[in-house]
Amino acid sequence: SIPFGSFLNGLIQSLSQNRQFLFFIISALFIQFIRSSFIFLSQYIVSQIALKISVLMQSKIYQQIFHFSYPFVSKYQAGDLLSYNSSPGVIPAILMQFNTGFTSLIMGLISLVWLIKIDYILTFFLLIFFFSVNFFYKQLLKRLNNLSLTLTDDEVKFSSQTNQNI
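Residues numbered from 1 in each chain as written. Predicted model: local features only at pLDDT ≥ 70, side-chain atom pairs only at ≥ 80, totals over all residues. Heavy atoms only, no water.

> With reference to specific residues and values, describe the overall build of the chain.
Helix and strand counts for the chain come out as six helices and zero strands. For the chain, the sequential pattern of α-helices and β-strands runs α-α-α-α-α-α. Computed over the C-alpha atoms, the radius of gyration of the chain is 28 Å, more than 25% above the 15 Å expected from 2.2 N^0.38 for a compact globule of 166 residues. Classification of the 166 residues of the chain by burial places 7% in the buried group. The contacts in the chain between residues at least 6 apart in sequence include a share of 58% that link residues at least 24 apart. (Helix = DSSP H or I, 4+ residues; strand = E, 2+ residues; numbered from the N terminus. Rg over C-alpha atoms; globule rule 2.2 N^0.38 Å. Buried < 20%, exposed > 50% of the residue type's maximum accessible area, 1.4 Å probe, protein only. Contact = heavy atoms within 4.5 Å.)

> Provide a residue-level description of the layout of surface pockets, including the pertinent values.
Its boundaries defined by the atoms lining it, the largest pocket holds a volume of some 280 Å³. What lines the largest pocket is Phe38, Ile39, Ser42, Val46, Ile49, Leu95, Phe98, Asn99, Phe102, Thr103, Ile106 and Met107. Only helix H2 (17–66) and helix H5 (90–118) provide two or more residues apiece to the lining of the largest pocket. Of all the elements, H5 adds the most residues to the lining of the largest pocket, at seven residues. Residue composition of the lining of the largest pocket, by class: nine nonpolar, three polar and no charged. (1 Å grid on protein atoms, 1.4 Å probe; cavity = no way out; pocket = protein on both sides within 12 Å on 5 of 7 lines; lining within 4 Å. Points joined across faces, edges and corners; volume = space filled by probe spheres on them. Nonpolar A, V, L, I, M, F, W, Y, C, P; charged D, E, K, R; others polar.)

> Can you tell me about the packing of aromatic side chains, naming the residues and giving the values?
Counted under the stated rule, the structure contains eight aromatic pairs. Their ring planes at 65° and their centres at 5.6 Å tell us that Phe23 and Phe24 sit as a pair that is edge-to-face. Measuring from centroid to centroid gives 4.7 Å for Phe68 and Phe72, while their planes differ by 65°, and the two rings are edge-to-face. The class of Phe68 is partly exposed, set by a relative accessible area of 28%. (Phe/Tyr/Trp six-rings, centres within 6.5 Å; stacked < 30°, edge-to-face > 60°.)

> Quick rundown of the side chain of Asn99? Include the residues and the values.
By the element assignment, Asn99 lies in helix H5. Every residue in contact with Asn99, bar those within four places of it in the chain, is listed here: Ser42, Gln43 and Val46.

> Which residues make up a nonpolar patch on the surface, and what are the values?
Among the surface-exposed residues, Phe30, Ile31, Phe33, Ile34, Phe38, Phe40, Leu41, Tyr44, Ile45, Ile49, Ile53 and Met57 lie close enough to one another that they form a single nonpolar patch of about 1200 Å² accessible area. Here Ile45 lies in helix H2. (Patch = residues over 30% accessible without salt bridge, like charges linked within 9 Å, V, L, I, M, F, W, Y side chains within 5 Å. Areas by Shrake-Rupley, 256 points an atom, 1.4 Å probe, with all protein chains shown as cover. Salt bridge = Lys/Arg side-chain N within 4 Å of Asp/Glu carboxyl O.)

This is how it looks when you write it as structure tokens:
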């Protein structure tokens with residue numbers, strides 16, 4: 001179907017088993033290098049964008065603060081206005097989380113396409129297994145959360161009773 005694929009298949013078939021093994025190891029390393037390069041590049045770009053946005057937001061906040069009148073500013077305690085300018089520090093973390101989520105989604109979709117290409121029936125059962133385990137995991141977390149809240153309430157009651165008895 002694909003000319004390069006048939007050429008590659010013929011090349012692999014002509015190699016001995018040991019050389020095929022080495023070929024696949026080197027190919028995997030090369031693919032991992034390319035994948036890591038793309039991840040690094042995307043994180044670098046996101047960090048540059050986040051830095052520019054943070055600096056721009058901080059300068060706009062400072063400009064706004066410096067345009068306030070003295071009676072308006074004097075209503076605030078020392079340092080309160082400065083604490084309002086710490087909010088742009090959240091931007092890099094949000095953008096990095098978005099980048100990580102987007103990268104994971106793309107990698108997952110690429111893996112899913114390859115799994116479907118290899119064997120769609122096995123992929124179907126794998127997805128059923130994945131979602132089943134995920135469902136049971138969520139149920140387990142809910143139960144553990146409820147038990148944790150109950151235990152915390154009991155501990156607070158016990159501590160309160162102990163302090164009152166003392």
